[in-house]
Amino acid sequence: MRVLVVEDELYMAEAIRDGLRLDAIAADVAGDGDTALELLSLNSYDVAVLDRDVPGPSGDQVAASIVASGSGLPILMLTAADRLDDKASGFGLGADDYLTKPFELRELVLRLRALDRRRAHSRPPVREITGLRVDPFRREVHRDGRYVALTRKQFAVLEVLVAAEGGVVSAEELLARAWDENADPFTNAVRITVSALRKRLGEPWVIATVPGVGYRIDTAPDTAPGTRRG
C-alpha cells in the first residue's frame, strides 16, 4: 500500500511515515497543500491522509480536488478539531474517515487498511494464485498450504505481483508501489528483494523474470516463453 500524508508538523509527519513503513506501508509526505497536489498529480496512492490545517491550499481544498478528480481515492482526515460540527464538515467534503489528534499509530494503520479494503475497485481480502494464498489483512502467505514467513518488504512486493494476476510488473512500478518517493530509481533493491522472495517461496520458482520488462507470477511455467527464473 502507498499513502500520501499531508502534515505540516515535521516531527509528526516523519513519525507517521517511519511508523507506517514498519507495517509495510509506503508513505510520501507533503508539508503543504501545493506539494500535496503536485504529488497527487505525479503518483498513484491508495489512501490520502490529510491534516486540514496546512499552509497553501488547505487540507479541505486538497480533499475537494481529490473528490473532483473522480479517482475514488479514499480520504482520512487528520486533525486536532474534535467537535461534531468539524467532523460533519469534513465528511461533507468527501472524507471517508476521521482521526483526531493525538492518536495511536496502530489505530491509523488499522483505519488505512480498512479504507484500502473498502475501495470499490480494491483487491479481495484474500488472493489465491498458483498455489499461493496471500492474506493482506493478516499479513500471511501460504504456498500449497505451507506457511511462508516474509519480511515486510517482501510481503509488499508479493502483494503487488499477486494483484497483477500473472501480468508483468516493471521494476519501476514495484519501486513506486512497495517503496516510496525517497527510493533511489537506480537502486538494485527490487532485484535483491525479488530474489530473496523467490527463495522464500521455494521451488518450483513461482516468480518469473521477463528480461528487460519486469516480473510476474508464473501461472503456466511450461507455456510461458521469453521468461526466466533467475
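Residues numbered from 1 in each chain as written. Predicted model: local features only at pLDDT ≥ 70, side-chain atom pairs only at ≥ 80, totals over all residues. Heavy atoms only, no water.

Per an unreviewed UniProt entry, the protein carries the name Two-component system, OmpR family, response regulator VanR and comes from Geodermatophilus aquaeductus.

Caption draft 1: Representation of the packing of helix 6 (residues 152-163) against helix 8 (residues 189-201) within the structure. Where helix 6 contacts helix 8, the axes come no closer than 10 Å and their chain directions differ by 90°. Here helix 6 lies roughly perpendicular to helix 8, going by the angle between them. On the side of helix 6, the interface is formed by K153, Q154, V157 and L158, while helix 8 contributes T193, V194, A196, L197, R200 and L201. (Axes fitted to C-alpha atoms, helices over the stretch in contact; angles between N-to-C directions. Helix = DSSP H or I, 4+ residues; strand = E, 2+ residues; numbered from the N terminus. Parallel < 35°, antiparallel > 145°, perpendicular 65-115°, else oblique. Contact = heavy atoms within 4.5 Å.)

Caption draft 2: Up close: the sheet that holds strand 7 (residues 132-135). Here we have 4 strands laid out as an open sheet, ordered 6-7-8-9, and antiparallel in their pairing. In this open sheet, the two edge strands, each paired with only one partner strand, are strand 6 (127-129) and strand 9 (146-147). Summarising the sheet, strand 7 and strand 8 (residues 140-143) pair through 4 bridges and their orientation is antiparallel. Among the inter-strand pairings, D135 is bridged to a residue of strand 8, identified as E140. (Pairing = 2+ DSSP bridges.)

Caption draft 3: Structural detail: helix 2 (residues 33-42). Considered for burial, the residues of helix 2 that qualify are G33, A36 and L39. The buried residues of helix 2 occupy an angular sector of 125° when projected down its axis, which confines them to one face. In helix 2, those exposed residues whose orientation departs by more than 90 degrees from the buried face are S41 and L42. Packing partners of the buried residues in helix 2 comprise strand 1 (2-6), strand 2 (26-30) and helix 3 (59-69). (Buried < 20%, exposed > 50% of the residue type's maximum accessible area, 1.4 Å probe, protein only. Arc of directions from axis to C-beta.)

Caption draft 4: View of the pattern of salt bridges. Taken as a whole and assessed by the stated rule, the structure comprises 13 salt bridges. A salt bridge links R106 to D23, with the shortest nitrogen-to-oxygen separation between them at 3.4 Å. Taken together, the residues span a long stretch of sequence, with R106 in helix 5 (residues 105-118) and D23 in the loop between helix 1 (10-21) and strand 2 at a distance of 83 residues. Taking the relative accessible area as the measure of exposure, D23 reaches 25% and is therefore partly exposed. Of the charged contacts in the structure, one is a salt bridge between E165 and R127, with a shortest N-O distance of 2.9 Å. Pair noted here: E165 is in the loop between helix 6 and helix 7 (171-178) and R127 is in strand 6, with a separation of 38 residues, a long-range link. A residue is classified by how much of its surface remains accessible, and E165, at 56% relative accessible area, is exposed. A residue is classified by how much of its surface remains accessible, and R127, at 17% relative accessible area, is buried. Counted as one network, the salt bridges with shared partners bring together E7, D51 and K101. (Salt bridge = Lys/Arg side-chain N within 4 Å of Asp/Glu carboxyl O.)

Caption draft 5: Expanded view of the sheet that holds strand 4 (residues 75-79). Ordered by their spatial adjacency, 5 strands build an open sheet running 2-1-3-4-5, and the pairing between neighbours is parallel. On the outer flanks of this sheet lie strand 2 and strand 5 (97-100), each paired with one strand and no other. Direction aside, neighbouring strands of the sheet carry axes that sit 20° apart on average. Relative to strand 3 (residues 47-51), strand 1 is paired through 4 bridges, and the arrangement is parallel. Residue pairing for strand 3: L4 is matched across the bridge by A48. Contacts between helix 1 and the sheet are confined to strand 1, strand 2 and strand 4, with strand 2 contributing the most and set at about 170° to the helix.

Caption draft 6: The arrangement of helix 7 in detail. Looking at helix 7, one finds that the buried residues are L174, L175 and A178. Along helix 7, the residues classed as buried sweep out an arc of 100° about the axis, all on the same side. Close packing links the buried residues of helix 7 with strand 2, helix 6, helix 8 and strand 11 (214-217).

Caption draft 7: Representation of the side chain of R113. For R113, the location among the structural elements is in helix 5. Despite its burial, R113 pairs with no opposite charge; the closest candidate is D23, at 4.7 Å N-O. When residues no more than four places from it in sequence are discounted, the contact partners of R113 are M1, D23, I25 and R139. (Lys, Arg positive; Asp, Glu negative; His and termini not counted.)

Caption draft 8: The nonpolar core, seen in detail. Core analysis: the largest hydrophobic core is formed by 28 residues, its most contacted members being L158, L174, L201, I207 and I217. If you list the elements that add at least two residues to this core, you get strand 7, helix 6, helix 7, helix 8 and strand 11. A per-element tally of this core places helix 6 first, with 7 residues. Filtering out sequence-adjacent residues up to four positions away, L174 remains in contact with V157, V160, L161, V169, W179, V190, V194 and Y215. (Core = buried A, V, L, I, M, F, W, Y, C linked by side-chain atoms within 4.5 Å.)

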